[in-house]
Amino acid sequence: YAAPNPSVGGLSPPIYTGSSSRSHLGVNHPVLASFLCPIAQLAEFKEDPNEGQKKLANRKISMTANEFPALLWSGKPPGGDYDDEAMTEGLLQG
């Protein structure tokens, strides 16, 4: 589940809007974009999340098969426990 604290509430803005369009998902959703951001660029993304979201959408922050997304690391939010010096710690625990 993507909500940071599901017992308190869901995502804001919500994922389901009643529309059949998916244009508001992925990098176009502020919370999901932070989960999908490559872990190596997560610090840059967090400095200005709105700008980071635009960079992901415009491919200025590259998302390739070689770049693992933040959601693979433990932490609240996902990737919050990432340590550049010990990058395998917390990996696949997100």
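For the structure given in this document, a descriptive report is provided here. Note that the coordinates shown come from a computational prediction; the quantities given were computed from them, not determined experimentally.

Attention shifts here to the overall build of the protein. Counting secondary structure elements, the protein contains three helices and zero strands. Helices (α) and strands (β) of the protein occur, in sequence order from the N terminus, as α-α-α. In summary, the protein has a C-alpha radius of gyration of 13 Å against a globular reference of 12 Å for 94 residues, a match within 12%. Counting only C-alpha atoms and orienting by the principal axes, one finds that the protein spans roughly 45 × 35 × 25 Å. A burial count over the protein gives 28% of its 94 residues as buried. For the protein, contacts bridging at least 24 residues in sequence account for 36% of all contacts bridging at least 6. Split by element, the accessible area of the protein, about 6,400 Å² in all, is 51% carbon and sulfur. Put simply, the protein has 7 plus and 10 minus side-chain charges, and the middle of one group is 14 Å from the middle of the other.

Among all positions in helix H3 (residues 49–57), only Gly52, Gln53 and Leu56 are buried. Around the axis of H3, the buried residues are gathered within 100° of arc, so they sit on the same side. Among the exposed residues of H3, those oriented more than 90 degrees off its buried face are Asn50 and Lys54. In this structure, the buried side of H3 is in contact with helix H1 (30–36) and helix H2 (42–47). Positioned one or two residues after H3, arginine 59 has a phi angle of 65°, which is positive.

Procedures and definitions
- Residues numbered from 1 in each chain as written.
- Predicted model: local features only at pLDDT ≥ 70, side-chain atom pairs only at ≥ 80, totals over all residues.
- Heavy atoms only, no water.
- Helix = DSSP H or I, 4+ residues; strand = E, 2+ residues; numbered from the N terminus.
- Rg over C-alpha atoms; globule rule 2.2 N^0.38 Å.
- Buried < 20%, exposed > 50% of the residue type's maximum accessible area, 1.4 Å probe, protein only.
- Contact = heavy atoms within 4.5 Å.
- Areas by Shrake-Rupley, 256 points an atom, 1.4 Å probe, with all protein chains shown as cover.
- Lys, Arg positive; Asp, Glu negative; His and termini not counted.
- Charge placed at Lys NZ, Arg CZ, Asp CG, Glu CD.
- Arc of directions from axis to C-beta.

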